[in-house]
Amino acid sequence: MLENYYRELVCFLNAKLGNRQVAEDVVHDAYVRILERSSDIPIDQPRAFLYRTALNLVIDGHRRNALRQSEPLEVLDTEERFSPNSPHASHYENQRLEMLERALAELPAHCRDSFLLRKLDGLTHVQIAERLNISRALVEKHIVNAMKHCRVRMREWEAH
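Every value quoted in this text rests on a predicted model; they were computed, and no experiment measured them.

**Concerning the pattern of salt bridges**
Enumeration according to the criterion identifies 10 salt bridges in this entry. The residue Glu140 makes a salt bridge to Arg7 at a minimum N-O spacing of 3.7 Å. Taken together, the residues Glu140 in helix α8 (residues 136–159) and Arg7 in helix α1 (residues 6–17) connect sequence positions 133 residues apart.

**Here we look at the packing of α1 against helix α2 (residues 20–35)**
How two helices pack is summed up by the angle between their axes together with the distance between the axes. One can describe the packing of α1 onto α2 by two numbers: an axis separation of 8 Å at closest approach and a directional angle of 130°. Overall, the two elements α1 and α2 adopt an arrangement that is oblique. Here the hand of the crossing between α1 and α2 comes out right-handed. Counting all contacts with α1, which are made through Tyr6, Leu9, Val10, Cys11, Leu13, Asn14 and Leu17, the residues of α2 involved are Arg20, Val22, Ala23, Glu24, Val26, Val27, His28 and Tyr31. When the residues that make up the contact of α1 with α2 are grouped by side-chain class, the tally is 11 nonpolar, two polar and two charged.

**Regarding α8**
One turn of an α-helix holds 3.6 residues; hence residues three or four places apart share an orientation. The first and last C-alpha atoms of α8 sit 35 Å apart over 24 residues, in line with the 34 Å expected at 1.5 Å per residue. Where α8 is concerned, the buried positions are Val139, Glu140, His142, Ile143, Val144, Ala146, Met147, Cys150, Met154 and Trp157.

**Structural notes on helix α7 (residues 125–132)**
Every buried residue belonging to α7 is among His125, Ile128, Ala129 and Leu132, and all of these are buried. Seen end-on, α7 carries its buried residues on one side only, within an arc spanning 100°. Facing away from the buried surface of α7 by more than 90 degrees, the exposed residues are Glu130 and Arg131. Along its buried surface, α7 packs onto α1, α2, α6 (109–119) and α8. Looking one or two places after α7, you find Asn133, whose phi comes out positive at around 55°.

About the cut-offs
- Residues numbered from 1 in each chain as written.
- Predicted model: local features only at pLDDT ≥ 70, side-chain atom pairs only at ≥ 80, totals over all residues.
- Heavy atoms only, no water.
- Salt bridge = Lys/Arg side-chain N within 4 Å of Asp/Glu carboxyl O.
- Helix = DSSP H or I, 4+ residues; strand = E, 2+ residues; numbered from the N terminus.
- Axes fitted to C-alpha atoms, helices over the stretch in contact; angles between N-to-C directions.
- Parallel < 35°, antiparallel > 145°, perpendicular 65-115°, else oblique.
- Left-handed = near helix turned anticlockwise from the far one by under 90°.
- Contact = heavy atoms within 4.5 Å.
- Nonpolar A, V, L, I, M, F, W, Y, C, P; charged D, E, K, R; others polar.
- Expected span 1.5 Å × (residues − 1).
- Buried < 20%, exposed > 50% of the residue type's maximum accessible area, 1.4 Å probe, protein only.
- Arc of directions from axis to C-beta.

It is worth stressing that arrangement in space is one thing and function is another; only the former is reported here.
Listed below in structure tokens is the structure:
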């Protein structure tokens with residue numbers, strides 16, 4: 001049911017943010033948040049809930065960016081030292097990366113490829129649809145399904 005609002009919400013956020021890729025990323029994150037809800041209580045107004053979730057993510061992003069601009073350089077240096085590319089990367093992060101790779105390997109090819117082309121290569125949904133010769137709507141569905149699958153599997157594996 002929530003899938004029906006995907007394009008509408010992307011267009012809405014694109015108008016607000018002026019960047020379609022950022023809008024798509026926010027909508028993906030909103031879908032994941034809703035899919036990960038721990039509450040069993042059904043959502044009375046799914047469209048309104050989805051919009052509110054997406055707008056909250058935009059607000060949180062703006063707050064984080066404002067905070068980062070006022071952080072002292074030492075904090076940024078410290079964070080860079082523990083980036084995934086540094087030799088100090090934690091064993092935990094390596095394990096999470098391995099789990100993510102295992103979860104992605106479980107997905108059907110088009111689903112996995114859609115996700116990777118979007119998240120790693122930064123292609124738009126239209127570009128992915130053209131490359132994989134599938135509809136844009138299917139690309140959107142694949143990306144949301146891949147994110148949901150990866151989060152569910154990683155939670156399962158981390159619990160053990």
